[in-house]
Structure formats: C-alpha cells, structure tokens
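Topology and contacts: notes
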Amino acid sequence: MNAAPATTSPARALAARPAPIAPRPPIPVRRLVDVELRKLADTRSSRWLLAAVGAIVVLVVVALGVWGTDQEVAFSSLVSNTAFPLQLLLPLVAVLAVTGEWSQRGALTTFALVPRRDRVMAAKAVAAVLVSLAATALSFAAGAVGTLVTAQVRGIKATWDLPPDLALRLVLANLVAVAFGFVVAVVIRSSAPALVSYLAFMLVVPMLSGVAAGLFGWWAEHGAWLDLSWAMQFVGSPEITGEQWAQVGTSALLWIALPLVLGMRRLLRVEIR
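All values reported here derive from a predicted model rather than from experimental measurement. (Residues numbered from 1 in each chain as written. Predicted model: local features only at pLDDT ≥ 70, side-chain atom pairs only at ≥ 80, totals over all residues. Heavy atoms only, no water.)

The next thing to look at is the side chain of Asp 227. Inspection of the secondary structure puts Asp 227 in the loop between helix 11 (217–222) and helix 12 (228–235). There is no salt bridge for the buried Asp 227, and the closest opposite charge comes from Arg 169, which lies 17 Å off by N-O distance. A distance of 2.7 Å separates the side chain of Asp 227 from the side chain of Ser 229, its partner in a polar contact. In this view, Asp 227 contacts Val 205, Ser 209, Trp 219, Ser 251 and Trp 255; residues no more than four positions away in its chain are not counted. (Helix = DSSP H or I, 4+ residues; strand = E, 2+ residues; numbered from the N terminus. Buried < 20%, exposed > 50% of the residue type's maximum accessible area, 1.4 Å probe, protein only. Lys, Arg positive; Asp, Glu negative; His and termini not counted. Salt bridge = Lys/Arg side-chain N within 4 Å of Asp/Glu carboxyl O. Polar contact = N/O pair within 3.5 Å; in protein donor to acceptor, adjacent residues only side chain to side chain. Contact = heavy atoms within 4.5 Å.)

Close approach of charged atoms lets side chains of opposite charge pair. Taken as a whole and judged by the stated rule, the model has 8 salt bridges. One salt bridge connects Lys 39 with Glu 36, and the closest N-O pair in it is separated by 3.5 Å. Note that Lys 39 and Glu 36 are positioned in helix 2 (residues 29–39) at a spacing of 3 residues, about one turn of the helix. Residue classification places Glu 36 among the buried positions, given a relative accessible area of 6%. Where Arg 169 meets Asp 165, a salt bridge forms, and the shortest distance between an N and an O atom there is 3.4 Å. Here Arg 169 pairs with Asp 165, and both are found in helix 8 (residues 164–188), just 4 residues apart, close to one helical turn. Overall, the relative accessible area of 41% leaves Asp 165 in the partly exposed class. Among the charged side chains, a network of salt bridges with common partners joins Glu 36, Lys 39, Glu 101 and Lys 124.

Right, let's talk about helix 5 (residues 83–103) for a bit. For helix 5, which comprises 21 residues, the first-to-last C-alpha distance of 29 Å matches the rise-based estimate of 30 Å (1.5 Å per residue) to within 8%. The largest bend in helix 5 is about 30°, located at Ala 97. Across the 21 residues that make up helix 5, a large majority, 17, are buried. Positioned one or two residues after helix 5, Arg 105 has a phi angle of 55°, which is positive. (Expected span 1.5 Å × (residues − 1). Bend = angle between axes of the 7 residues up to and from the residue.)

Geometric descriptors of this kind do not, in isolation, establish any biological role.
Have a look at this one:
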C-alpha cells in the first residue's frame, strides 16, 4: 500500500519561512557630512588647496600690514581685501568635492553605499558651506590680529570700522561664490573642465563684460541683471541699494538656481560607469 502523503500544518509552514529582514535605517546626514568633510582633505591636491586658502589670507593681511597705508590697515580694509582670494579659491574646493567622485571613479562605491544621490550631494554642499564659513572666520580672525599688531607697531589707534551688515554681506559673497563652483561641478562632473570653466568665469567673463559695457549702452545699463560677477561686486561694497539686491538675486537665479536644478536632474538619472 502507498503511504499517505505527509501534511504540514499551517503553523509549521509559517515557522519554516525565513523571517523578513528588517530594513536598515538610512545613514544619518551628519555622518554623510563628516565623510564628505574628510574627503575634502584625503588627496594631496585638496590638502594643498585648503592650505593655500589659509596661507593666502594670512599673506594678504601681512602684506597690507607691512606696505599698506594707515587707512589700509583698518579692520574693514584688511578683511575686505581677503575677499577676492577667498572667492577665487574656495569654490575650487567645492568643484573638487563634487567632481572627485567621477574623476577618481568613486561614484560607483559612494552611490552603492548610499543609493540616494540627492542625500550625498546635499552632504557635499553642507561640507563646502562649512569649509567656506571656516575660511571666512579665519579671514576675520587674521584681520583682527593684523589690526592690533599693526596699530601697536605703527603707534596708531586700531580702527574697528567693519559694520555688521558689511560683515554679513562678505560672508554671503563667499557662500555665493562657493555655490556657483558647486553648480559648475554638478553640471560638468569632470575636474579639469569644471576648474577651467569656473576660472574662466571668474577671470575672463568680468573683462568681457566690462568691454561690452563700454561698447554697448544697453549692457552698461542692464548688464548687472544678467552678469553674476558684476552683481556680486555690489555685495562687497560699503553700501548696497534695493535695486542692486534685486540684480544680485536675478543673476543668482540665472547662474546658480536654474543650472543647479537642471544639473541635479541629470545627475540623479545619469548612468554611472
């Protein structure tokens, strides 16, 4: 006789099934930012760039303290004169932070560990902002020390003439410059072309815009609405009007907000090889 097939009770069948794997919580943003901050100094080029930022700030203050006039060694003058080096070099840090994933082929590992690409890019942006704020704080500290030392050496009264609104605008100018460098890197995603594009915008576009303003009256009257480098000059000036703030906002939307949206849309969909 054939044996009756064994039957499995429903309770035993449920017990035999593997237990579902509980989903792991996402990596905290704070940890992602910490990783991105360490990435900013994990290559020789990035370490030299960060060191150059601090060294140039100190050199500018020392040079003005030695060879500058009494008016140029005031606190506001020392801090303002460090603005251009910071706005030229700090965005390069943001460029390398973003493009390094593709130039060094780290994107495969990074986005495999953290599939949400937007969270990784947000962490990179926060890291770039923190570095910018630290460098800006260094410029203020170097300016304060330079003001005190120069006043003692020259036997003059230390001049603390930096209004709070101008100090905040200098911080804003550095952040806008870093944001533009970040956008260039998001759009291009390759270190060498992104660095060249950013430097060309910072060094060549203002000259071309100045020539156009001298040749064409329309550009001389309305160019600041479209030229980010032109509009940002108002931010570091002693006084700024409401119209100039509007020009800063309009040019920032054109050169930062719109390219960032388009670049992030493509970055989130592009195939990583």
